[in-house]
Amino acid sequence: VKIGDISGDGSIDSMDMYQMIQHLLGNSVLTNYRLQASDINKDGKIDSMDMYQVIQYLLGNSKISI
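Everything numeric here is computed off the predicted structure, so don't read it as measured data.

About the cut-offs
- Residues numbered from 1 in each chain as written.
- Predicted model: local features only at pLDDT ≥ 70, side-chain atom pairs only at ≥ 80, totals over all residues.
- Heavy atoms only, no water.
- Helix = DSSP H or I, 4+ residues; strand = E, 2+ residues; numbered from the N terminus.
- Rg over C-alpha atoms; globule rule 2.2 N^0.38 Å.
- Buried < 20%, exposed > 50% of the residue type's maximum accessible area, 1.4 Å probe, protein only.
- Contact = heavy atoms within 4.5 Å.
- Areas by Shrake-Rupley, 256 points an atom, 1.4 Å probe, with all protein chains shown as cover.
- Lys, Arg positive; Asp, Glu negative; His and termini not counted.
- Charge placed at Lys NZ, Arg CZ, Asp CG, Glu CD.
- Expected span 1.5 Å × (residues − 1).
- Polar contact = N/O pair within 3.5 Å; in protein donor to acceptor, adjacent residues only side chain to side chain.
- Core = buried A, V, L, I, M, F, W, Y, C linked by side-chain atoms within 4.5 Å.
- Axes fitted to C-alpha atoms, helices over the stretch in contact; angles between N-to-C directions.
- Parallel < 35°, antiparallel > 145°, perpendicular 65-115°, else oblique.
- Left-handed = near helix turned anticlockwise from the far one by under 90°.
- Nonpolar A, V, L, I, M, F, W, Y, C, P; charged D, E, K, R; others polar.

K.L.:
How should I be thinking about the overall build of the chain in this particular structure?
P.N.:
Looking only at helices and strands, the chain has three helices and zero strands in total. Going from N to C terminus, the chain has its helices and strands arranged as α-α-α. Scaling as 2.2 N^0.38, a compact globule of 66 residues should have a C-alpha radius of gyration of about 11 Å, and the chain matches this with 10 Å. Principal-axis analysis of the C-alpha atoms gives the chain an extent of 30 × 20 × 20 Å. Within the chain, the proportion of its 66 residues that are buried is 35%. For the chain, the proportion of contacts with a sequence separation of at least 24, taken over those separated by at least 6, is 46%. In the structure as shown, the chain presents an accessible area of about 4100 Å², 53% of it carried by carbon and sulfur atoms. Between the averaged position of the 5 positive side-chain charges in the chain and that of its 8 negative side-chain charges there is a distance of 5 Å.

K.L.:
Looking at this model, I keep getting lost on helix α1 (residues 14-25). Mind explaining?
P.N.:
The periodicity of an α-helix, 3.6 residues per turn, causes residues three or four places apart in sequence to face the same way. Counted at 1.5 Å a residue, the expected span for α1 with its twelve residues is 16 Å, and the 16 Å between its end C-alpha atoms agrees. Along α1, the positions that sit buried rather than exposed are Asp16, Met17, Gln19, Met20, Gln22 and His23. Capping of α1 at its N-terminal end is provided by aspartate 13; its side-chain oxygen lies 3.2 Å from the backbone amide nitrogen of methionine 15.

K.L.:
Sorry if this is basic, but what is going on with the nonpolar core here?
P.N.:
Where a protein is soluble and globular, its nonpolar side chains tend to be buried together. Listed in full, the eleven residues of the largest apolar core are Ile3, Ile6, Ile12, Met17, Met20, Leu30, Ala37, Ile40, Ile46, Val54 and Ile64. In this structure, methionine 17 is in contact with Met51, Val54, Ile55 and Leu58, ignoring residues within four places of it in sequence.

K.L.:
When you look at the environment of asparagine 32 in this model, what are you seeing that I'm missing?
P.N.:
As for its position among the elements, asparagine 32 is in helix α2 (residues 32-38). On the basis of relative accessible area, asparagine 32 is assigned to the exposed category, the value being 65%.

K.L.:
Looking at this structure, how should I read the packing of α1 against helix α3 (residues 48-59)?
P.N.:
For any two helices packed against each other, one specifies the crossing angle of their axes together with the interaxial distance. Between α1 and α3, the least distance of the axes is 10 Å, while the angle of their chain directions is 165 degrees. Between α1 and α3, the angle is such that the two are roughly antiparallel. Seen from above, α1 lies across α3 with left-handed handedness. Seen from α1, the contacting residues are Ser14, Met17, Met20, Ile21 and Leu24; seen from α3, they are Asp50, Met51, Val54, Ile55 and Leu58. Classifying every residue of the contact of α1 with α3 by side-chain character gives eight nonpolar, one polar and one charged.

K.L.:
Looking at this model, I keep getting lost on α3. Mind explaining?
P.N.:
Helix length check: α3, at twelve residues, gives a terminal C-alpha distance of 16 Å against a target of 16 Å (1.5 Å per residue), a fit within 8%. Two residues or fewer after α3 comes glycine 60, characterised by a positive phi angle close to 85 degrees.

Right under this line is the structure:
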């Protein structure tokens with residue numbers, strides 16, 4: 001599992017961000033590797049801090065460690 005790669009396509013991009021937002025809004029449920037890949041800060045939950053880290057990665061302001 002590549003942390004941040006929620007879609008499983010090998011890269012962290014806007015589709016991963018979209019899937020995380022849909023999960024946080026309750027419009028979809030992430031399971032299995034997608035749920036694991038969504039927990040960017042590895043605190044056991046998916047929340048706005050994980051989303052913030054993906055945004056910072058997409059903007060080029062930070063890296064996501066595996």
